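A look at the structure
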Amino acid sequence: MSEISASETPSEEGARIIPISAARGTPPPGPSDATGPAGSVDERLAELLALLRRRIAGDYEVDEFGFDPELNDKVLLELIRPLYRHWFRVETLGVDNVPAETGALVVANHSGTLPVDALMMQVALHDEAHRAVRLLGADLVYQLPVLGHLSRKTGHTLASREDADRLLRKGELVGVFPEGFKGVGKPFSERYKLQRFGRGGFVTSAVRAGTPIVPCAIVGAEEIYPKIGDFSTLARLLGLPYLPITPFFPWLGPLGLIPLPSKWLIEFGEPIRTDQFDPEDADDPMLVFNLTDQVREAIQQQLDALRLRRGPAFPPFF
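The structure reproduced in this document is the subject of the present report. (Residues numbered from 1 in each chain as written. Predicted model: local features only at pLDDT ≥ 70, side-chain atom pairs only at ≥ 80, totals over all residues. Heavy atoms only, no water.)

**Observations regarding the packing of aromatic side chains**
Considering all chains together, one arrives at 2 aromatic pairs under this definition. Pairing Phe 88 with Trp 264 gives two aromatic rings, centres 4.6 Å apart and planes at 25°, and the pair type is stacked. You can see Phe 88 sitting in the loop between α3 (69–87) and β3 (91–93) and its partner Trp 264 sitting in the loop between β10 (244–245) and β11 (265–268), a full 176 residues away along the chain. Pair check on accessibility: Phe 88 and Trp 264 agree, each one buried. The cationic tip of Arg 55 hangs over the ring face of Tyr 60; the distance from NZ or CZ to the ring centre is 3.7 Å. Across from the ring centre of Phe 188, 4.1 Å away, lies the NZ or CZ of Arg 191, which sits over that ring. (Phe/Tyr/Trp six-rings, centres within 6.5 Å; stacked < 30°, edge-to-face > 60°. Helix = DSSP H or I, 4+ residues; strand = E, 2+ residues; numbered from the N terminus. Buried < 20%, exposed > 50% of the residue type's maximum accessible area, 1.4 Å probe, protein only. Lys NZ or Arg CZ within 6 Å of the ring centre and 35° of its normal.)

In C-alpha coordinates form, the structure reads like this:
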(Lines give C-alpha, C1' and ligand atoms only; values in the text may rest on other atoms or scores of the structure.)
Protein backbone atom coordinates (compact mmCIF):
# COMPACT_ATOMS: atom_id res chain seq x y z
CA MET A 1 0.00 0.00 0.00
CA SER A 2 1.31 3.42 -0.75
CA GLU A 3 0.77 7.14 -0.91
CA ILE A 4 -1.53 8.36 -3.70
CA SER A 5 0.28 8.68 -7.05
CA ALA A 6 -0.56 8.14 -10.74
CA SER A 7 -3.98 7.20 -12.08
CA GLU A 8 -5.18 4.03 -13.71
CA THR A 9 -8.77 2.90 -14.25
CA PRO A 10 -9.34 -0.77 -15.09
CA SER A 11 -12.29 -2.51 -16.63
CA GLU A 12 -13.56 -6.05 -16.41
CA GLU A 13 -14.69 -8.13 -19.38
CA GLY A 14 -17.23 -10.89 -19.35
CA ALA A 15 -19.36 -9.40 -16.58
CA ARG A 16 -21.90 -6.62 -16.22
CA ILE A 17 -20.53 -3.21 -15.32
CA ILE A 18 -22.54 -1.42 -12.66
CA PRO A 19 -22.10 1.80 -10.70
CA ILE A 20 -19.77 1.74 -7.71
CA SER A 21 -22.51 2.50 -5.22
CA ALA A 22 -24.60 -0.41 -6.46
CA ALA A 23 -21.65 -2.79 -6.37
CA ARG A 24 -20.78 -1.72 -2.85
CA GLY A 25 -24.08 -2.39 -1.18
CA THR A 26 -23.99 -3.47 2.43
CA PRO A 27 -21.89 -6.58 3.07
CA PRO A 28 -23.38 -9.24 5.30
CA PRO A 29 -22.15 -9.30 8.87
CA GLY A 30 -20.22 -12.51 8.28
CA PRO A 31 -20.63 -16.21 7.64
CA SER A 32 -23.29 -18.26 9.36
CA ASP A 33 -22.35 -20.22 12.43
CA ALA A 34 -21.23 -23.62 11.18
CA THR A 35 -22.87 -25.26 14.16
CA GLY A 36 -26.34 -23.85 13.42
CA PRO A 37 -28.95 -24.86 10.85
CA ALA A 38 -27.78 -22.18 8.37
CA GLY A 39 -24.30 -23.61 8.50
CA SER A 40 -25.22 -27.21 7.67
CA VAL A 41 -23.06 -29.07 5.21
CA ASP A 42 -25.89 -29.46 2.72
CA GLU A 43 -26.73 -25.78 2.67
CA ARG A 44 -23.09 -24.78 2.39
CA LEU A 45 -22.64 -27.19 -0.52
CA ALA A 46 -25.77 -25.83 -2.22
CA GLU A 47 -24.46 -22.27 -1.84
CA LEU A 48 -21.12 -23.30 -3.33
CA LEU A 49 -22.74 -25.01 -6.32
CA ALA A 50 -24.99 -21.99 -6.93
CA LEU A 51 -21.94 -19.74 -6.79
CA LEU A 52 -20.08 -21.90 -9.30
CA ARG A 53 -23.07 -21.87 -11.68
CA ARG A 54 -23.25 -18.08 -11.56
CA ARG A 55 -19.51 -17.72 -12.15
CA ILE A 56 -19.50 -20.12 -15.10
CA ALA A 57 -22.53 -18.41 -16.65
CA GLY A 58 -21.01 -14.95 -16.14
CA ASP A 59 -23.99 -13.98 -14.01
CA TYR A 60 -22.13 -11.69 -11.63
CA GLU A 61 -21.39 -7.99 -11.37
CA VAL A 62 -18.28 -5.86 -11.11
CA ASP A 63 -17.88 -2.12 -10.95
CA GLU A 64 -15.70 0.08 -13.13
CA PHE A 65 -12.65 -0.62 -10.94
CA GLY A 66 -13.01 -4.39 -11.24
CA PHE A 67 -14.52 -4.91 -7.77
CA ASP A 68 -16.40 -8.21 -7.59
CA PRO A 69 -18.52 -8.12 -4.37
CA GLU A 70 -19.72 -11.71 -4.58
CA LEU A 71 -16.26 -13.20 -5.12
CA ASN A 72 -14.89 -10.98 -2.37
CA ASP A 73 -17.57 -11.89 0.20
CA LYS A 74 -18.12 -15.55 -0.61
CA VAL A 75 -14.60 -16.70 -1.48
CA LEU A 76 -11.67 -14.39 -0.76
CA LEU A 77 -12.76 -13.13 2.66
CA GLU A 78 -13.79 -16.65 3.65
CA LEU A 79 -10.23 -17.82 2.95
CA ILE A 80 -8.55 -15.22 5.15
CA ARG A 81 -11.16 -15.07 7.92
CA PRO A 82 -9.66 -18.05 9.84
CA LEU A 83 -6.42 -16.06 10.19
CA TYR A 84 -8.41 -13.12 11.52
CA ARG A 85 -10.45 -15.10 14.04
CA HIS A 86 -8.28 -18.02 15.14
CA TRP A 87 -4.62 -17.29 14.31
CA PHE A 88 -4.32 -13.60 15.16
CA ARG A 89 -7.46 -13.50 17.35
CA VAL A 90 -8.16 -9.95 16.21
CA GLU A 91 -10.11 -7.66 18.51
CA THR A 92 -11.68 -4.59 16.88
CA LEU A 93 -12.30 -1.38 18.81
CA GLY A 94 -14.03 1.89 17.91
CA VAL A 95 -16.19 0.47 15.12
CA ASP A 96 -18.81 3.14 15.86
CA ASN A 97 -16.33 5.73 14.58
CA VAL A 98 -16.64 4.31 11.06
CA PRO A 99 -19.52 5.97 9.15
CA ALA A 100 -22.31 3.49 8.49
CA GLU A 101 -23.10 4.63 4.95
CA THR A 102 -21.33 7.82 3.90
CA GLY A 103 -17.87 8.16 2.44
CA ALA A 104 -14.81 8.25 4.69
CA LEU A 105 -11.06 7.83 4.45
CA VAL A 106 -9.52 5.27 6.82
CA VAL A 107 -5.81 6.00 7.39
CA ALA A 108 -3.77 3.25 9.08
CA ASN A 109 -0.22 2.42 10.08
CA HIS A 110 1.55 -0.16 7.94
CA SER A 111 3.87 -2.91 9.16
CA GLY A 112 4.68 -6.59 9.16
CA THR A 113 7.09 -7.15 6.22
CA LEU A 114 4.19 -8.50 4.15
CA PRO A 115 0.98 -6.41 4.00
CA VAL A 116 -1.18 -8.83 5.99
CA ASP A 117 -2.43 -5.87 8.04
CA ALA A 118 -4.35 -4.59 5.02
CA LEU A 119 -6.22 -7.89 4.72
CA MET A 120 -7.04 -8.02 8.44
CA MET A 121 -8.35 -4.45 8.36
CA GLN A 122 -10.50 -5.40 5.38
CA VAL A 123 -12.04 -8.31 7.31
CA ALA A 124 -12.57 -6.11 10.39
CA LEU A 125 -14.47 -3.47 8.43
CA HIS A 126 -16.51 -6.08 6.55
CA ASP A 127 -17.49 -8.16 9.57
CA GLU A 128 -17.68 -5.53 12.31
CA ALA A 129 -18.64 -2.29 10.50
CA HIS A 130 -20.44 -4.03 7.62
CA ARG A 131 -18.59 -1.89 5.09
CA ALA A 132 -16.52 -2.86 2.06
CA VAL A 133 -13.27 -0.89 2.13
CA ARG A 134 -11.58 0.18 -1.11
CA LEU A 135 -7.87 -0.04 -0.35
CA LEU A 136 -5.40 2.03 -2.35
CA GLY A 137 -2.35 -0.03 -3.33
CA ALA A 138 1.16 0.63 -4.60
CA ASP A 139 2.08 0.33 -8.27
CA LEU A 140 4.11 -2.83 -7.55
CA VAL A 141 0.95 -4.72 -6.52
CA TYR A 142 -0.62 -4.22 -9.96
CA GLN A 143 2.53 -5.18 -11.83
CA LEU A 144 2.18 -8.75 -10.53
CA PRO A 145 -0.33 -10.63 -12.72
CA VAL A 146 -2.12 -12.82 -10.16
CA LEU A 147 -1.88 -10.50 -7.17
CA GLY A 148 -2.92 -7.47 -9.19
CA HIS A 149 -5.99 -9.26 -10.56
CA LEU A 150 -7.06 -10.51 -7.13
CA SER A 151 -6.56 -7.05 -5.66
CA ARG A 152 -8.96 -5.58 -8.21
CA LYS A 153 -11.49 -8.30 -7.45
CA THR A 154 -11.44 -7.51 -3.72
CA GLY A 155 -12.07 -3.82 -4.29
CA HIS A 156 -8.52 -2.51 -4.17
CA THR A 157 -7.29 -0.02 -6.74
CA LEU A 158 -4.15 1.86 -7.69
CA ALA A 159 -3.22 4.58 -5.23
CA SER A 160 -4.07 7.59 -7.36
CA ARG A 161 -5.58 10.88 -6.31
CA GLU A 162 -8.16 10.77 -9.09
CA ASP A 163 -9.46 7.33 -8.09
CA ALA A 164 -9.54 8.27 -4.42
CA ASP A 165 -11.53 11.41 -5.20
CA ARG A 166 -14.08 9.48 -7.27
CA LEU A 167 -14.54 6.76 -4.67
CA LEU A 168 -14.98 9.20 -1.80
CA ARG A 169 -17.52 11.29 -3.71
CA LYS A 170 -19.48 8.09 -4.40
CA GLY A 171 -19.78 7.46 -0.68
CA GLU A 172 -17.22 4.65 -0.55
CA LEU A 173 -15.06 3.75 2.43
CA VAL A 174 -11.48 4.20 1.21
CA GLY A 175 -8.41 2.85 3.01
CA VAL A 176 -4.85 4.09 2.70
CA PHE A 177 -1.50 3.28 4.31
CA PRO A 178 0.53 6.48 3.79
CA GLU A 179 3.77 5.00 5.18
CA GLY A 180 3.88 2.72 2.16
CA PHE A 181 6.87 0.38 1.89
CA LYS A 182 8.75 2.50 4.45
CA GLY A 183 6.31 1.23 7.06
CA VAL A 184 5.72 -2.35 6.02
CA GLY A 185 9.44 -2.96 5.41
CA LYS A 186 10.98 -1.27 8.44
CA PRO A 187 13.20 -3.32 10.78
CA PHE A 188 11.81 -4.94 13.91
CA SER A 189 13.88 -2.57 16.06
CA GLU A 190 11.65 0.32 14.85
CA ARG A 191 8.33 -1.44 15.47
CA TYR A 192 5.32 0.77 16.20
CA LYS A 193 7.23 3.92 15.28
CA LEU A 194 5.40 5.62 12.43
CA GLN A 195 7.43 6.49 9.36
CA ARG A 196 7.00 9.61 7.25
CA PHE A 197 3.53 10.08 5.75
CA GLY A 198 4.66 11.42 2.40
CA ARG A 199 3.14 14.54 0.84
CA GLY A 200 -0.33 14.16 2.33
CA GLY A 201 -2.15 13.17 -0.85
CA PHE A 202 -4.78 11.35 1.21
CA VAL A 203 -5.61 14.58 3.07
CA THR A 204 -6.05 16.41 -0.23
CA SER A 205 -8.61 13.85 -1.40
CA ALA A 206 -10.54 13.96 1.87
CA VAL A 207 -10.72 17.77 1.87
CA ARG A 208 -11.87 17.87 -1.74
CA ALA A 209 -14.64 15.38 -1.00
CA GLY A 210 -15.48 16.84 2.42
CA THR A 211 -15.30 13.37 3.99
CA PRO A 212 -13.99 12.55 7.48
CA ILE A 213 -10.60 10.96 8.07
CA VAL A 214 -10.72 7.96 10.43
CA PRO A 215 -7.32 7.23 12.03
CA CYS A 216 -6.74 3.49 12.44
CA ALA A 217 -4.10 1.84 14.62
CA ILE A 218 -3.11 -1.80 14.09
CA VAL A 219 -1.14 -3.60 16.78
CA GLY A 220 0.08 -7.14 16.16
CA ALA A 221 1.37 -7.02 12.60
CA GLU A 222 4.88 -5.98 13.66
CA GLU A 223 5.51 -9.39 15.24
CA ILE A 224 4.33 -11.75 12.48
CA TYR A 225 7.57 -11.54 10.44
CA PRO A 226 10.23 -9.81 12.60
CA LYS A 227 12.57 -8.24 10.07
CA ILE A 228 16.16 -8.47 11.31
CA GLY A 229 17.96 -7.97 8.01
CA ASP A 230 17.62 -7.36 4.29
CA PHE A 231 19.05 -8.88 1.11
CA SER A 232 19.29 -5.37 -0.34
CA THR A 233 21.43 -6.20 -3.39
CA LEU A 234 19.23 -9.10 -4.44
CA ALA A 235 16.13 -7.00 -3.83
CA ARG A 236 17.38 -4.34 -6.23
CA LEU A 237 18.12 -6.96 -8.87
CA LEU A 238 14.58 -8.30 -8.53
CA GLY A 239 13.03 -4.82 -8.56
CA LEU A 240 11.68 -5.20 -5.02
CA PRO A 241 11.70 -2.52 -2.31
CA TYR A 242 13.30 -5.03 0.09
CA LEU A 243 13.88 -8.76 0.57
CA PRO A 244 13.62 -9.46 4.28
CA ILE A 245 15.58 -11.68 6.60
CA THR A 246 13.59 -12.92 9.59
CA PRO A 247 14.41 -15.44 12.34
CA PHE A 248 12.77 -18.11 10.17
CA PHE A 249 13.16 -16.90 6.56
CA PRO A 250 14.95 -17.98 4.41
CA TRP A 251 16.40 -20.53 6.84
CA LEU A 252 13.27 -22.72 7.04
CA GLY A 253 12.30 -22.29 3.39
CA PRO A 254 8.52 -22.11 2.77
CA LEU A 255 7.84 -22.78 6.46
CA GLY A 256 9.49 -19.47 7.19
CA LEU A 257 6.59 -17.75 5.41
CA ILE A 258 4.07 -18.86 8.05
CA PRO A 259 3.24 -15.74 10.10
CA LEU A 260 3.77 -15.93 13.84
CA PRO A 261 0.48 -16.02 15.82
CA SER A 262 0.72 -12.63 17.49
CA LYS A 263 -2.27 -11.11 19.25
CA TRP A 264 -3.87 -8.28 17.23
CA LEU A 265 -5.87 -5.20 18.15
CA ILE A 266 -7.36 -2.88 15.52
CA GLU A 267 -8.78 0.44 16.69
CA PHE A 268 -10.69 3.01 14.65
CA GLY A 269 -10.23 6.41 16.25
CA GLU A 270 -12.46 9.45 16.40
CA PRO A 271 -13.00 10.90 12.91
CA ILE A 272 -11.21 14.09 11.93
CA ARG A 273 -13.67 16.29 10.06
CA THR A 274 -12.84 18.02 6.80
CA ASP A 275 -16.28 19.35 5.83
CA GLN A 276 -15.54 22.74 7.41
CA PHE A 277 -13.06 23.42 4.59
CA ASP A 278 -13.80 24.46 1.01
CA PRO A 279 -12.67 22.04 -1.72
CA GLU A 280 -10.22 24.71 -2.91
CA ASP A 281 -8.46 24.51 0.48
CA ALA A 282 -7.04 21.16 -0.63
CA ASP A 283 -4.49 23.16 -2.64
CA ASP A 284 -3.20 24.92 0.51
CA PRO A 285 0.07 23.13 1.38
CA MET A 286 0.08 24.40 4.96
CA LEU A 287 -3.43 23.08 5.62
CA VAL A 288 -2.52 19.72 4.10
CA PHE A 289 0.65 19.56 6.19
CA ASN A 290 -1.16 20.38 9.44
CA LEU A 291 -3.94 17.83 8.84
CA THR A 292 -1.41 15.17 7.84
CA ASP A 293 0.52 15.80 11.04
CA GLN A 294 -2.70 15.67 13.08
CA VAL A 295 -3.65 12.29 11.62
CA ARG A 296 -0.15 10.91 12.14
CA GLU A 297 -0.06 12.05 15.76
CA ALA A 298 -3.50 10.55 16.42
CA ILE A 299 -2.42 7.16 15.07
CA GLN A 300 0.84 7.20 17.04
CA GLN A 301 -1.05 7.90 20.28
CA GLN A 302 -3.46 5.07 19.50
CA LEU A 303 -0.55 2.69 18.85
CA ASP A 304 1.13 3.53 22.15
CA ALA A 305 -2.12 3.01 24.09
CA LEU A 306 -3.00 -0.23 22.27
CA ARG A 307 0.40 -1.79 22.97
CA LEU A 308 -0.13 -1.27 26.67
CA ARG A 309 -3.67 -2.63 26.46
CA ARG A 310 -2.63 -5.74 24.56
CA GLY A 311 0.25 -6.76 26.81
CA PRO A 312 2.38 -9.69 25.53
CA ALA A 313 2.50 -10.15 21.78
CA PHE A 314 2.18 -13.93 22.13
CA PRO A 315 -0.26 -14.74 24.93
CA PRO A 316 -1.28 -18.40 25.37
CA PHE A 317 -3.98 -19.78 23.10
CA PHE A 318 -7.31 -20.32 24.86
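Having seen it, we continue.
**Looking at helix α2 (residues 41–57)**
The terminal C-alpha atoms of α2 lie 24 Å apart, and with 17 residues this matches the ideal 24 Å at 1.5 Å per residue to within 8%. At the exit of α2 stands Gly 58, carrying a positive phi of roughly 75°. (Expected span 1.5 Å × (residues − 1).)

**A short note on the packing of helix α7 (residues 161–169) against helix α9 (residues 201–209)**
At a minimum axis distance of 9 Å, the contact between α7 and α9 shows a crossing angle of 35°. In the packing of α7 onto α9, the handedness of the crossing is right-handed. In this structure, α7 contributes Arg 161, Ala 164, Asp 165, Leu 168 and Arg 169 to the contact, and α9 contributes Gly 201, Thr 204, Ser 205, Ala 206, Arg 208 and Ala 209. Here the contact of α7 with α9 is composed, by residue class, of 4 nonpolar, 3 polar and 4 charged. (Axes fitted to C-alpha atoms, helices over the stretch in contact; angles between N-to-C directions. Left-handed = near helix turned anticlockwise from the far one by under 90°. Contact = heavy atoms within 4.5 Å. Nonpolar A, V, L, I, M, F, W, Y, C, P; charged D, E, K, R; others polar.)

**Some details on the sheet that holds strand β8 (residues 213–219)**
Strands sit in the order β3-β11-β8-β4-β7-β5-β6 across an open sheet of 7 strands; the sheet is mixed. Each having just a single partner strand, β3 and β6 (157–158) make up the two edges of the open sheet. With 4 bridges connecting them, strand β4 (residues 104–108) and strand β7 (residues 173–176) associate as parallel partners. Bridging from a neighbouring strand, Ala 104 pairs with Leu 173 of β7. (Pairing = 2+ DSSP bridges.)

**Digging into the pairing of β7**
Both faces of β7 are covered, namely the face carrying Leu 173 and Gly 175 and the face carrying Val 174 and Val 176. The pairing of strand β5 (residues 133–137) with β7 spans 3 bridges and is classified as parallel. Bridging across to β7, Arg 134 finds its partner in Val 174.

**Considerations on the pairing of β8**
For β8, the buried fraction is high: 7 of the 7 residues fall into the buried class. Residues Ile 213, Pro 215, Ala 217 and Val 219 line one face of β8 and the alternating positions Val 214, Cys 216 and Ile 218 line the opposite face, and both faces are buried. Pairing of β4 with β8 involves 4 bridges; the strand directions are parallel. When the sheet's bridge partners are listed, Val 107 is paired in β8 with Pro 215. As paired strands, β8 and β11 are joined by 4 bridges and run antiparallel to one another. In the strand pairing of β11, Val 219 is matched with Leu 265.

**Some points on the layout of surface pockets**
The calculated volume of the largest pocket comes to roughly 860 Å³. Lining the largest pocket are 34 residues; nearest its centre among them are Leu 114, Pro 115, Val 116, Val 141 and Leu 147. Among the secondary structure elements, those contributing two or more residues to the lining of the largest pocket are α3, α4 (116–128), α5 (139–143), α6 (145–153) and α8 (181–184). Counting residues per element, the lining of the largest pocket draws most heavily on α3, at 5 residues. (1 Å grid on protein atoms, 1.4 Å probe; cavity = no way out; pocket = protein on both sides within 12 Å on 5 of 7 lines; lining within 4 Å. Points joined across faces, edges and corners; volume = space filled by probe spheres on them.)

**Thoughts on the pattern of salt bridges**
Pairs can form between side chains of opposite charge whenever their charged atoms are close. In the structure shown here, the tally under the stated rule is 18 salt bridges. Notably, a salt bridge pairs Arg 134 with Asp 63, separated by 3.0 Å at the nearest N-O pair. Of the two residues, Arg 134 sits in strand β5 while Asp 63 sits in strand β2 (residues 61–63), which places them 71 residues apart along the sequence. Note that Arg 208 and Asp 283 form a salt bridge whose closest N and O atoms lie 3.4 Å from each other. (Salt bridge = Lys/Arg side-chain N within 4 Å of Asp/Glu carboxyl O.)

**Looking at the packing of α3 against α4**
For the pair α3 and α4, interaxial distance at closest approach is 10 Å and the crossing angle is 110°. In terms of orientation, α3 and α4 fall into the roughly perpendicular class. Touching Asn 72, Asp 73, Leu 77, Ile 80, Arg 81, Leu 83, Tyr 84 and Arg 85 of α3 are Leu 119, Met 120, Gln 122, Val 123, Ala 124, His 126, Asp 127 and Glu 128, all from α4. Split by residue class, the contact of α3 with α4 holds 8 nonpolar, 3 polar and 5 charged. (Parallel < 35°, antiparallel > 145°, perpendicular 65-115°, else oblique.)

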